[in-house]
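# Examination of the molecular architecture
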Amino acid sequence: MRFNNLLVENYRNIKKASVRLSNSLNVFCGGNAQGKTNFLEAACLCCIGKSYRGAKDRELIGFDSEYARVYSACESRSGPREVCVFIPREGKKHIEVSGSSIAKMSELLGVIVCTIFSPDDLKLVKEGPSLRRRFMDIELCQLYPGYFSALVQYERALAQRNSLIRQCQDNPALFHSIDAWDEQLVKHGIKIVSFRTAYCEAVFEEAKSVHADISGGERLSCSYQPQTALLEGEKGFLRALNESRREDLSHGATCIGPHRDDFFVLLNDMDIRIFGSQGQQRTAALSLKVAQLHHATKVLGEPPVFLLDDVLSELDEKRQKSLAENFDGVQSFLTCASESTPSVLRKANPFAYRVQDGEFKEI
Ligand code: ATP
Ligand code: MG
């Protein structure tokens, strides 16, 4: 898959940029706060229809502008397509694929797929579980429409249930109305768990061999471990939701379900969070990301676009080289806060842009 060009208008600090892109490596260099991450986020907007950084649509519009717009001509095995995302300050976001408005976000997902690697991902194995859930979600949503639909409906039901639980704190008569939301959580939650189980199994297996290569033989093993009740099928999940109602009431939120999921990472059979060095934790994160790229390539039958935000400078030369080996045949966008292309990438002969104050100049 690839973007042939990207036209970005009033997107954060990028007033207007029309960027021609190479099929392989594209490097965006520049000082801090010039618009490099904003550009990657704009590209990703064409893949997932929202900010991968979790920003609200409104926050993407340039401060002095009434709208933001990102247009891309892209290509995959199924042929050329155009994606246009228009976000007005007033009114609703509007997305077109090859000139036709889409009614549901699922019509956009999969048109052009990306795997994103940002500095946050380097903390993947070290920090709290929300990063690990995001690791699974962004990719699963793009690869499997059934996952996206289950996740959206689950999150809706969860928000409704949590709001009802808070109302129950003052009005216990509402207690029995939680039943309807429990059924919804179970219906969609079980699907989420089953997608995550299969996905993690495949990606973790891949990560094991990637990690052994990069680290010179260290054993990485990861396991997806949802709460036990979720592994007992619909009945088990429903029973656990019922049993946790008192606890939910005291927390004012639902304590059981895939929104609390996590996966665990062992290195040479030891918990990497407790016993791993910072370098080992980063290498594991890198292996998981590369594994994710390989897995997406298998599922799609072609590589997704690889977006790397400022991660190279965070890795030592050996790891930079291991990462760079994955750029062959993959369209990649890479940002770096230096004035020129990092040496490890020079022989790849990339398209290079200097980013300054939201403007893009070919180097
Ligand atoms: P770094 O190397 O520090 O990561 P960067 O080039 O990646 O820098 P960006 O994250 O792309 O920088 O941000 C560039 C600028 O965009 C920042 O100064 C930020 O304040 C600004 N910015 C963010 N949102 C908006 C917005 N809605 N309108 C205008 N400018 C914005
Ligand atoms: Mg940045």
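I will try to describe carefully the structure that is included in this document. Remember, predicted model here, so these are calculated numbers, not experimental data.

## Looking at the sheet that holds strand β10 (residues 263-267)
Pairing between the strands of a sheet comes from backbone hydrogen bonds, and it takes one of two forms, parallel or antiparallel. Read from one edge of the open sheet, three strands run β9-β10-β11, paired in antiparallel fashion. Every other strand in the sheet has two partners, leaving β9 (220-224) and β11 (270-271) as the edge strands with one partner each. Bridging between β10 and β11 involves two bridges; their strand directions are antiparallel. Bridging across to β11, Leu 267 finds its partner in Met 270.

## Some words on the pairing of strand β2 (residues 14-20)
Residues in a regular strand project their side chains so that they alternate between the two faces of the sheet. Here strand β1 (residues 2-11) pairs with β2 via six bridges, running antiparallel. Within β2, the position partnered with Asn 5 by the bridge is Arg 20.

## Description of the site of ligand 1
The environment of ligand 1 is made up of 15 residues, and the closest members are Ala 33, Lys 36, Thr 37, Asn 38 and Ile 61. Backbone polar atom of Gly 35 to an oxygen atom of ligand 1: 2.9 Å apart, as the coordinates give it. Between ligand 1 and Thr 37, the relevant distance is 2.7 Å, taken from an oxygen atom to a side-chain nitrogen or oxygen of the residue. Its free accessible area being 660 Å², ligand 1 has 73% of it covered by the protein chains. Grouping the constituent residues of the shell around ligand 1 by class yields three nonpolar, eight polar and four charged.

## Quick word on the side chain of Thr 254
Counting through the fold element by element, Thr 254 comes out in the loop between α6 (245-251) and β10. Using a relative accessible area of 1% as the deciding quantity, one classes Thr 254 as buried. Engagement of the side chain of Thr 254 in a polar contact is seen with the side chain of Arg 161, the distance being 2.8 Å. At 2.7 Å, the side chain of Thr 254 and the side chain of Asn 162 are in polar contact. Beyond its immediate chain neighbours, meaning those up to four positions away, Thr 254 contacts Leu 158, Arg 161, Asn 162, Ile 165, Leu 185, Leu 241, Asp 248, His 259 and Arg 260.

## Some remarks on the environment of Ala 212
If you trace the backbone, Ala 212 turns up in helix α4 (residues 178-215). The partly exposed category is assigned to Ala 212, whose relative accessible area is 28%. Separated by 75 residues in the primary sequence, Ala 212 and Ser 287 have C-alpha atoms spaced 8.9 Å apart. Sequence-distant contacts of Ala 212, that is, excluding residues within four places in its chain, are made with Gly 217 and Glu 218.

## Let's talk about the pattern of salt bridges
Counted by the stated rule, this structure contains 22 salt bridges. Between Lys 298 and Glu 206 there is a salt bridge, with its nearest N and O atoms 2.8 Å apart. Of this pair, Lys 298 sits in helix α8 (residues 278-300) while Glu 206 is found in helix α4, placing the two residues 92 residues apart along the sequence. A relative accessible area of 60% places Lys 298 in the exposed class. Here the residues in one salt-bridge network are Arg 161, Asp 179, Asp 182, Arg 245 and Asp 248, joined through shared partners.

## Notes on the packing of aromatic side chains
According to the stated counting rule, one finds 13 aromatic pairs in the structure shown. Feature note: the residues Phe 3, Phe 28, Phe 39, Phe 333, Tyr 353 and Phe 360 constitute an aromatic cluster, connected by ring pairs. Above the ring of Phe 175, the side-chain terminus of Arg 245 is found at 5.5 Å from the ring centroid.

## Considering the pairing of strand β14 (residues 351-356)
Here strand β3 (residues 25-29) runs beside β14; their pairing, made up of four bridges, is parallel. Looking at the pairing, Phe 28 lines up with Tyr 353 of β14. For β14 and strand β15 (residues 359-362), the ladder comprises four bridges, and the chain directions are antiparallel. If you follow Val 355 over to β15, its bridge partner there is Phe 360. Connecting β14 to the antiparallel partner β15 that follows it, the hairpin turn spans two residues, and Asp 357 within it adopts a positive phi of roughly 50 degrees.

Calculation criteria
- Residues numbered from 1 in each chain as written.
- Chains lettered and ligands numbered in written order.
- Predicted model: local features only at pLDDT ≥ 70, side-chain atom pairs only at ≥ 80, totals over all residues.
- Heavy atoms only, no water.
- Pairing = 2+ DSSP bridges.
- Helix = DSSP H or I, 4+ residues; strand = E, 2+ residues; numbered from the N terminus.
- Near = heavy atom within 4 Å.
- Polar contact = N/O pair within 3.5 Å; in protein donor to acceptor, adjacent residues only side chain to side chain.
- Areas by Shrake-Rupley, 256 points an atom, 1.4 Å probe, with all protein chains shown as cover.
- Nonpolar A, V, L, I, M, F, W, Y, C, P; charged D, E, K, R; others polar.
- Buried < 20%, exposed > 50% of the residue type's maximum accessible area, 1.4 Å probe, protein only.
- Contact = heavy atoms within 4.5 Å.
- Salt bridge = Lys/Arg side-chain N within 4 Å of Asp/Glu carboxyl O.
- Phe/Tyr/Trp six-rings, centres within 6.5 Å; stacked < 30°, edge-to-face > 60°.
- Lys NZ or Arg CZ within 6 Å of the ring centre and 35° of its normal.

Keep in mind these numbers describe shape, not what the thing actually does.
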